[in-house]
Amino acid sequence: MSGRAAVAAARSSVVIVVSVIALAACGGSSSSSSGGSSSASSSSSGSSSSPKHLSVTFIPGATGVAFYNSLGTGVQAEAQKLGMTYSTQGAADFSPAAQTPVVDAVCSRHPSLLLIAPTDPVALRPAIQRCMNDGIAVVTVDTSLSDTQGIVSAISSNNIQGGEAAGKIMGQALHGKGEVALMSLSATASTQVQRLQGAKQELKSSYPGISVVATEYTQQAPTSSETTARAILSAHPGIGAFFGAAEPNAEGVAQATASSSKHVINVGYDASPTEVGLLKSGKISALVIQQPALEGQLGVQYGDDYLTGHRSSIKASVLLPNVVVTTQQAGSASVSKYYYTGTS
Amino acid sequence: MNGQARVGERASSPAESNREPGGPPRAARALSLLREGWIFGVLVAIVIAFSIASPNFLTQANWLNTSSTATEVLLLAVGQTFVIVSGGIDLSVGATLGLSGMVGAWVMAHFFGTGGTPGGVVTAIGVLVAILVGALAGAINGTLISRYAIPPFVVTLGTLGIGTGLADLISNGQEISTLPPLIGNIGNANIAGWIPVPVLVAAVISLAAGVALARTRFGTYTYTIGDNRQAAVRAGINDRRHLTKVYVLSGLLAGVAGVTVMTRLGAASPTSGSNDELNAIAAVVIGGASLFGGRGTIVGSVIGTCIISVLLTGLIIVNVPPFWQLVAVGVVLIAAVYIDQLGSRGTNNQ
């Protein structure tokens, strides 16, 4: 009895495990086929047999974020143009502990170029160093490392400028008087800090009649921003404007102010499909939009220049300006190219 | 005289009346050996499948990555095995991992920042503090569960939130990276190029824990309480004191895991360990433990951890898209437990 059960169980275990891996691998090749063949066999044979064939892997700060999806599309498009094999890998959580094993596993596959948005300026250094020791060219996008030695290029958005732009929109809309609240995802992540800092600077210097009555930090889920915004509205009923430094902030504020009778200015950051929808309907007043696809495109270009020996054209660090789009402009064809893509 | 002596003997080792000198009874031990056989088969099948799928899987670099990644979950899973065998659950270990790392790092940054103290001493103090914080968190869990009879799920869900919040409070949600260089050097040092120091530490701890659970009175008490707490009490086991110890052990190992993560990153992050408790519980369950208590082994949990870690890195190496990876791991979790049940049904019919 037990012998037969043993055989049956062993057989089914092997069948299940192998089919899961096969299934998952099929999903892999089908979804990334548009970026050229990226199955394990072809990319490895490519890197070993002909040194000219280059490959790029993009590791976002976290998966499922419209900003990073758009960055990935920029990477993929440029890679296709240059004949590089493209793939992407990432962790679900924005955390150095979750990202480090992903970086190590990606480097085991020896891509020629790694584009990464490091989740911590210091904690990711050891893993990225291991990649560079293996001869992989590394470009950081969006976020960066404090020690940039060996990095081909560090490309990011000008977050101070983005924050200042948001401050200016609020100042103008409120005619220089009133109360505003600021929200972001983190009290310490450099991008978030700089955006709020830019907004505060602009308000202080150009609109002294406006006071910042609340600065709150929320979780990634938009419901967390909604709850926080409702609490701010209860505490400060006279509030005239919100500025949210991250995607979910403006989405949450839009929900929270939907039921309010008073018109509240809602300035958001980034341009996820949800945010763009809210912008068009007027629930978000204006968006400060980064250029992630351009970041990805530049990153691949510099990486390719580095790998093919055209190093004079590489800029060690790039700060891209942001674009501001208001509800009035939202439908115009000239701005729609800045909207992020929902799919990776 | 003779009778009295026997009574005295039974009182001093109450649980041994119906058991082998340590661990589960012989029949149960044979059964668990069979279960581990199934699960080990699953692990081998996964490794073979990945090796066929990619030439980059069976490499030194991937071994170093997979084993380092496994260290974190393994330390949590070892502690969790004792907790689950005793009939409880510890949802707070991931948060404890983050908190202990942050407190240890804060202490180190504090000492290191003022200068004067040698890096080795600072590191030793930081490591010790981190482990003590873990043990203290475990003691709080254990006391609330055993003395105040609050269900383990509720207590550790509460301390999960408390630990996460406290870890964020220490440096306002920010990583602490001003640590002695020795920390990063330890985490990235490999013995003979193949064995990272944290992996060695976790292996030694797992071995000791395996012996403790299978061969000592501490292990026997854990099984007995998980099997039937009332019977354990009637047999004279101080169930409260023992349960407290079990949670202290779990917290202490989370503290050790906090140190290993910190050495790998060269920095302490309050987000370290988030969701790791679920990976650890999954590893223990894949390893054949019962969430109802009384069943489970360290060997099983080690194999369960290996399965989870191999899947994590292997699915990246064969370039499975990230969202499919989550699906695949979920399917394997359920499949492994189903196979385990098939196996035990077969032996029960015998």
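Within each chain, residues carry numbers counting from 1 in the order of the written sequence. Naming scheme: in the order in which they are written, chains are lettered from A and ligands are numbered from 1. Local features in a predicted model are, by the rule used here, given only for residues with pLDDT of at least 70; side-chain atom pairs are given and counted only at 80 or more, and totals for whole chains, interfaces and linings are based on all residues.

Caption draft 1: Fine view of the overall build of chain B. When helices and strands are counted, chain B shows 14 helices and 2 strands. Residue burial is a threshold on neighbouring C-beta atoms within 10 Å of the residue's own C-beta, all placed from the backbone, with 20 or more meaning buried, 12 or fewer meaning exposed, and counts in between meaning partly exposed. A burial count over chain B gives 59% of its 350 residues as buried. Distance between backbone-placed C-beta atoms decides contact: two residues are in contact if it is within 7 Å. A sequence separation of at least 24 residues applies to 81% of the contacts in chain B between residues at least 6 apart. What counts as a helix is a DSSP run of H or I of at least four residues, what counts as a strand is a run of E of at least two, and both are numbered from the N terminus.

Caption draft 2: A look at the sheet that holds strand 7 (residues 210–217) of chain A. All names here are of chain A. Two strands are counted as paired when DSSP detects at least two bridges linking them. As summarised here, the arrangement of the 6 strands in space is 7-6-8-9-10-12, forming an open sheet in which the pairing is mixed. Since the sheet does not close on itself, it has two edges, and those belong to strand 7 and strand 12 (323–326), each with one partner. Averaged over all neighbouring strand pairs, the angle between strand axes comes to 20°, with direction disregarded. The sheet contact formed by strand 6 (residues 178–184) and strand 7 spans 7 bridges and is parallel. Bridging across to strand 7, Ala181 finds its partner in Ala214. Each axis is a line fitted through C-alpha atoms, and for a helix only the stretch in contact is used; angles between axes span 0 to 180 degrees, taken between their N-to-C directions. Across the face of the sheet, helix 6 (residues 159–173) comes into contact with strand 6, strand 7, strand 8 (239–244), strand 9 (265–269), strand 10 (286–289) and strand 12 while running at roughly 170° to strand 9. Helix 9 (residues 247–258) contacts strand 6, strand 8 and strand 9 of the sheet and is inclined by roughly 160° relative to strand 9.

Caption draft 3: Highlighting the nonpolar core. Each nonpolar core comprises buried Ala, Val, Leu, Ile, Met, Phe, Trp, Tyr and Cys residues, the members being joined through C-beta atoms within 7 Å. In terms of nonpolar packing, the biggest core is built from 195 residues, with Val56(A), Val103(A), Leu115(A), Phe243(A), Leu76(B), Leu253(B) and Ile307(B) touching the most fellow members. The element contributing the most residues to this core is helix 11 (residues 239–265) of chain B, with 14 residues. Domain borders in the structure are assigned automatically or taken from a domain database. No fewer than three residues from each of domain 1 (40–157 + 292–320) and domain 2 (159–290 + 325–338) of chain A sit in this core. Excluding residues that lie within four positions of it along the chain, Leu253(B) makes contacts with Leu75(B), Leu76(B), Val78(B), Gly79(B) and Ile205(B).

Caption draft 4: Spatial organisation of unusual backbone geometry. With phi around 55°, His110(A) is a residue other than glycine that occupies positive phi space. Mapping His110(A) onto the fold places it in the loop between helix 4 (96–108) and strand 3 (113–116). Overall, the presence of 19 C-beta atoms within 10 Å leaves His110(A) in the partly exposed class. Of note, the phi angle at Ala149(B) is positive, near 55°, even though the residue is not glycine.

Caption draft 5: Layout of the confidence of the model for chain A. All names here are of chain A. One confidence number per residue, pLDDT, is output by the predictor and ranges from 0 to 100. Looking at chain A as a whole, its pLDDT mean stands at 86, while 84% of the residues score no less than 70. Predicted confidence in chain A is weakest over helix 2 (residues 40–49), with a mean pLDDT of 39, and strongest over strand 3, with 98. Every residue in residues 27–50 is under pLDDT 50, and counting partners more than four places away or in other chains gives 44 contacts.

Caption draft 6: Representation of the confidence of the model for chain B in the model. Residues and elements named next belong to chain B. Across chain B, pLDDT averages 87, with 89% of residues at or above 70. Here residues 1–21 is modelled with pLDDT under 50, and outside its nearest four sequence neighbours on either side it reaches 18 contacts, counting other chains as well. Among the scores for the predicted complex, ipTM is 0.72 and pTM is 0.77.

Caption draft 7: Quick peek at the environment of Leu169(B). Note on placement: Leu169(B) falls in helix 6 (residues 152–170). Note: C-alpha distance between Leu169(B) and Pro270(B) (101 residues apart in sequence) is 9.0 Å.

Caption draft 8: Highlighting helix 11 (residues 292–307) of chain A. Residues and elements named next belong to chain A. The end-to-end C-alpha distance of helix 11, which contains 16 residues, comes to 22 Å, matching closely the 22 Å that a straight helix rising 1.5 Å per residue would cover. Extensive coverage of helix 11 is indicated by the burial of 12 of its 16 residues. Along helix 11, the positions that sit buried rather than exposed are Pro292, Ala293, Glu295, Gly296, Gln297, Leu298, Gly299, Val300, Tyr302, Gly303, Asp304 and Leu307. On its buried face, helix 11 sits against strand 1 (55–59), helix 3 (66–82), strand 3, strand 4 (137–141), strand 5 (153–157) and strand 11 (317–320). Downstream of helix 11 by a residue or two, Gly309 has a phi angle that is positive, lying close to 85°. For a helix, the expected span equals 1.5 Å multiplied by the number of residues minus one.

Caption draft 9: The arrangement of helix 8 (residues 222–235) of chain A in detail. Residues and elements named next belong to chain A. Relative to the 20 Å expected for 14 residues at 1.5 Å per residue, helix 8 spans 20 Å between its end C-alpha atoms, a close match to the ideal helical length. Those residues of helix 8 not exposed but buried are Ser225, Glu226, Thr228, Ala229, Ile232 and Leu233. If you follow the buried residues of helix 8, they end up packed against strand 6, strand 7, strand 8 and helix 9.

Caption draft 10: Region of the structure containing the domain arrangement of chain A. All names here are of chain A. Annotation of chain A at the domain level lists domain 1 (40–157 + 292–320) and domain 2 (159–290 + 325–338). Relative placement of domain 1 and domain 2: their C-alpha centres are 31 Å apart. Counting from both sides, the interface comprises 5 residues of domain 1 and, opposite them, 9 residues of domain 2. Of the residues in the side of domain 1 that touches domain 2, the class split is 3 nonpolar, 2 polar and no charged. We call Asp, Glu, Lys and Arg charged. Ala, Val, Leu, Ile, Met, Phe, Trp, Tyr, Cys and Pro are nonpolar, and the rest, Gly among them, are polar.

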